[in-house]
Structure formats: C-alpha cells, structure tokens
Amino acid sequence: MRAGTRSFKNRALQIAGLLAVLVFAVPLLAQEPEWSFLGESHLNGARDHDRIRIHRSPESFRAIEFRVAGGNVEFDRIKVHFRNGNAADRLMHVRVSSGGKTRAIDLPGNRRIIESVEIWYHQDNGRDLPTVSLFGLR
C-alpha cells in the first residue's frame, strides 16, 4: 500500500472519530439545568416583604432563581430558611423586568432542603401586581 493511501485512510478515521465524539458530546453540553418550581408570591405593594413557603416533598437544592411576571420588581434582599434551622441572608439590589429572571443564586454548603424564602422588594409601578416564582436547581 502506498504511503499516500495510508495517510488518507488515517485522516479519514481521525475525522470519523472526531465526528462520533461530537455527535455524543454536543447534546450533553447543550442541556440546560433542570429547574424545579418551588412556589410563588403575588406581590401587592410598592415596597414590601413577602415569604414564599415551599410545599414540596423534601428535596435538596444547590441554587435558586426568581422569575417575574406581570410587572417589574427590584429585589433588595432575600433570606433563605433551611430545614435544619439555618438561614442564608443576601443583599441583592437586582431589578428584574416582567418576563425576566434573576441569575442563579448559589446556596451555601452542599445541597440544602429549603423551607421558605423571604424577599424584600419594591416595584417600579405600584399599580402593577407582579408574581414572583421561585425555582430550585438540584
């Protein structure tokens, strides 16, 4: 067999191997994290404080995010209460437009079971009554 033919076959095998890896790897990389709905609060004041209670089977989560519908909300502070009695308090100062969401908020330590989340907020327009939905990432 000539050297040129052997080189061509090796190159073809390398390309085929690379394509096979890409076919399996790309779907894994493209998967978005799976967020679970934990609860929601219907905001009813221009500046207020609410608590979202978690009514699910005890599952542990490593991060949370808030999604806003029906109006704009500016989060000032959150406090996550865990089943073991501990809490994590965070200043946020994050504005979320209607239809938007916060970034993922990592929870301290390993995955934790959440009992409730308190939110301190104010609204851009006191006439809107937005809904804030809480999601958790396992």
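Reading the values: the criteria
- Residues numbered from 1 in each chain as written.
- Predicted model: local features only at pLDDT ≥ 70, side-chain atom pairs only at ≥ 80, totals over all residues.
- Heavy atoms only, no water.
- Helix = DSSP H or I, 4+ residues; strand = E, 2+ residues; numbered from the N terminus.
- Buried < 20%, exposed > 50% of the residue type's maximum accessible area, 1.4 Å probe, protein only.
- Areas by Shrake-Rupley, 256 points an atom, 1.4 Å probe, with all protein chains shown as cover.
- Core = buried A, V, L, I, M, F, W, Y, C linked by side-chain atoms within 4.5 Å.
- pLDDT = per-residue confidence, 0-100.

Caption draft 1: Molecular detail of the overall build of the protein. Within the protein, the regular secondary structure consists of one helix and nine strands. Ordered by position in the sequence, the α and β elements of the protein form the string α-β-β-β-β-β-β-β-β-β. Here the protein, with 138 residues, has 35% of them falling under the buried criterion. For the protein, the accessible area works out to roughly 8800 Å², and carbon and sulfur atoms hold 53% of it.

Caption draft 2: The nonpolar core, seen in detail. Counting residues in hydrophobic clusters, the biggest one holds 24 residues, and the most contacted among them are Ile 64, Phe 66, Phe 75, Ile 114, Ile 119 and Val 132. Taken together, the elements giving at least two residues each to this core come down to β4 (63-69), β5 (73-82), β6 (87-96), β8 (112-123) and β9 (131-137). It is β5 that provides the largest number of residues to this core, a total of five residues.

Caption draft 3: Region of the structure containing the confidence of the model for the protein. Here the protein shows a mean pLDDT of 83. Residues at 70 or above account for 75%. Per-element averaging of pLDDT across the protein places helix α1 (residues 3-30) at the bottom with 59 and β4 at the top with 97.

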